[in-house]
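If you want the building blocks of each chain, they are given just below.
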Amino acid sequence: MTDTIDTRPSADDVNELAAEAATPGSLFDRLGGTYGIAGAVDILVDRLFANVAVNANEAVHAHHGVAANAPGYKFLVTAWSIEAAGGPKCYPGEDMVAAHDGLHIDTKGFDAVYKEIAATLSFLDVPEAEHAEFMALIEKHRPEVVDGVHLA
Ligand code: HEM
């Protein structure tokens, strides 16, 4: 029998990298830059793929129910978050309306994801100010995801 080695980072590992990178400034900086954000998204996406309320939507489950989608999705959500938080422009994906078109995401579905994002930030002990700022960013995009309405 072969032993396996668990290479997954712990919350402490992610926080350590984030603290090293953190400088006062943009939300991107205060979240620990690329290492902090990628570490958080790594945990978030695993939680979203396993979340029963999120996957109750069949169109969402068709994507989130396939483990092979995780790496690419983590990349896209990380890059989106980096840009949205005021970091370098690096997001190569679709805009939020096009990305969610046809998924029929309702308020309940959005709230399920919103809660999981907040829970992940809490799990990582992201300070209150940065937590609130990032959640406000997510809330701002609700109309694009739920109603397909482009932000002004
Ligand atoms: C503000 C909140 C949200 C953000 C920032 C966000 C971000 C993203 C990004 C960056 C992508 C990749 C786009 C691309 O492929 O180019 C994506 C796709 C996707 N999102 Fe979201 N999302 C949000 C809300 C939601 C919610 C509430 C759900 C489900 C309840 C959801 C489910 C999905 C699914 C299933 C895809 C993959 C679609 C496909 O390629 O088939 N998202 N999202």
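Residues numbered from 1 in each chain as written. Predicted model: local features only at pLDDT ≥ 70, side-chain atom pairs only at ≥ 80, totals over all residues.

Our focus in this paragraph is the overall build of the protein chain. When you go through the protein chain residue by residue, the secondary structure sums to 9 helices and 0 strands. Along the protein chain, from the amino end to the carboxyl end, the secondary structure elements read α-α-α-α-α-α-α-α-α. Relative to its length of 152 residues, the protein chain is compact, with a C-alpha radius of gyration of 16 Å against a globular reference of 15 Å. C-alpha extents for the protein chain along the principal axes are approximately 50 × 40 × 25 Å. By residue count, 24% of the 152 residues in the protein chain fall in the buried class. (Helix = DSSP H or I, 4+ residues; strand = E, 2+ residues; numbered from the N terminus. Rg over C-alpha atoms; globule rule 2.2 N^0.38 Å. Buried ≥ 20, exposed ≤ 12 C-beta atoms within 10 Å, placed from the backbone.)

Here the focus is the nonpolar core. One finds Ile37, Ala40, Val41, Leu44 and Ala85 to be the most contacted residues of the largest nonpolar core, which totals 24 residues. Residue assignment for this core shows that the elements contributing at least two residues are helix H3 (33-50), helix H5 (70-84) and helix H7 (107-123). For this core, the leading source of residues is H3, giving 8 residues. Leave out the neighbours within four places in its chain, and isoleucine 37 touches Leu31, Gly32, Thr78, Ser81, Ile82 and Ala85. (Core = buried A, V, L, I, M, F, W, Y, C linked by C-beta atoms within 7 Å. Contact = placed C-beta atoms within 7 Å.)

Moving on, we come to the environment of glycine 25. Residue position: glycine 25 is located in the loop between helix H1 (11-21) and helix H2 (27-30). With 10 C-beta atoms packed within 10 Å, glycine 25 lands in the exposed category. In the structure, glycine 25 is positioned 37 residues away from alanine 62 in sequence and 39 Å away in space, judged by C-alpha atoms.

Turning next to the packing of H3 against H5. It is at 9 Å that the axes of H3 and H5 come closest, and there the two elements cross at 130°. Classed by the angle they form, the pair H3 and H5 counts as oblique. Between H3 and H5 lies a crossing whose hand is right-handed. Here H3 contributes Thr34, Ile37, Ala38, Val41, Asp42, Val45 and Phe49 to the contact with H5, which in turn contributes Ala70, Tyr73, Lys74, Val77, Thr78, Ser81 and Ile82. Looking at the contact of H3 with H5 residue by residue, the class counts come to 9 nonpolar, 3 polar and 2 charged. (Axes fitted to C-alpha atoms, helices over the stretch in contact; angles between N-to-C directions. Parallel < 35°, antiparallel > 145°, perpendicular 65-115°, else oblique. Left-handed = near helix turned anticlockwise from the far one by under 90°. Nonpolar A, V, L, I, M, F, W, Y, C, P; charged D, E, K, R; others polar.)

Backbone geometry places histidine 104, a non-glycine residue, at a positive phi of 50°. Tracing the backbone through its elements, the reader meets histidine 104 in the loop between helix H6 (96-100) and H7. Classification of histidine 104 by C-beta neighbours within 10 Å gives exposed; the count is 12. Positive phi, close to 55°, is recorded for aspartate 125, a residue that is not glycine. Mapped onto the elements of the fold, aspartate 125 is located in the loop between H7 and helix H8 (128-140).

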